[in-house]
Amino acid sequence: MYSTLRQQALSIQRTEIDIPAPHPEAPVWGILMETGYPDGTATLFALSDGTTSLYLSSGGGVIGGHAHQSVLEANAEFLDTANQYYQHLEPTESFPVPAEEQTRFYVLTDSGVLGGAGLEDDLGYGRHPLSPLFHAGHRVITELRLISESEEQDA
């Protein structure tokens, strides 16, 4: 299931899902941030329409984040940050999963997918040009985790 969701996310076209055209100076309308862990990969997927999901290659994840204002705000910040830093990414047509302790970014634009990667430690400690994007993505993950924990407590 993870591989199918990941492939769909990487191949989706904005016009297929009715996302409005982005401003030419802010071409990013979607992003995947993937981090490799010893037991698998975590993929954060965010679109400019508010769609926000976290998929785990080991199974599970969080979908439906767009129904929560805090996630929508973090999603918007993540995409804004991607639009500020996309020039640090390169066009790509291959989409390997990250190695352990590595984070990969795949940015969706009308011109194609842009990609880049860094070590999680370098990204986390501000030693990489994409560190702000990494931190913005982790704010989204935090909001998803908080709503997931809240829903578990309510159940």
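Fair warning: this is a prediction, and the values are worked out from it, not measured in the lab.

Looking now at the packing of aromatic side chains. The tally for this structure, following the rule as stated, stands at 1 aromatic pair. Between the aromatic rings of Phe95 and Tyr106, the centroid separation amounts to 5.4 Å while the plane-to-plane angle is 80 degrees, which identifies the pairing as edge-to-face. Note that Phe95 is positioned in the loop between strand 5 (90–91) and strand 6 (102–109) and Tyr106 in strand 6, a separation of 11 residues in sequence. Judged by its relative accessible area of 23%, Phe95 is partly exposed. In this structure Tyr106 comes out as buried when scored by relative accessible area, which is 2%.

This next bit is on helix 1 (residues 2–11). Considered for burial, the residues of helix 1 that qualify are Tyr2, Arg6, Ala9 and Leu10. Here the buried residues of helix 1 occupy an arc of 95 degrees about the axis, which is enough to place them on one side.

Next up on the list: the sheet that holds strand 6. Strand order in the open sheet formed by 7 strands is 4-3-2-1-6-7-5, with antiparallel pairing between adjacent strands. The open sheet has two edge strands, strand 4 (61–62) and strand 5, and neither has a second partner. When strand 3 (residues 52–56) meets strand 4, the two strands line up antiparallel, connected through 2 bridges. Bridge pairing links Tyr55 to Gly61 in strand 4. Sitting on the sheet, helix 2 (residues 69–85) is in contact with strand 1 (30–37), strand 2 (40–47) and strand 3, with an inclination near 90 degrees to strand 2.

Next up on the list: unusual backbone geometry. Phi at Asp18 takes a positive value of approximately 60 degrees, unusual for a residue other than glycine. For Asp18, a relative accessible area of 69% gives the class exposed.

Conventions adopted
Residues numbered from 1 in each chain as written. Predicted model: local features only at pLDDT ≥ 70, side-chain atom pairs only at ≥ 80, totals over all residues. Heavy atoms only, no water. Phe/Tyr/Trp six-rings, centres within 6.5 Å; stacked < 30°, edge-to-face > 60°. Helix = DSSP H or I, 4+ residues; strand = E, 2+ residues; numbered from the N terminus. Buried < 20%, exposed > 50% of the residue type's maximum accessible area, 1.4 Å probe, protein only. Arc of directions from axis to C-beta. Pairing = 2+ DSSP bridges. Contact = heavy atoms within 4.5 Å. Axes fitted to C-alpha atoms, helices over the stretch in contact; angles between N-to-C directions.

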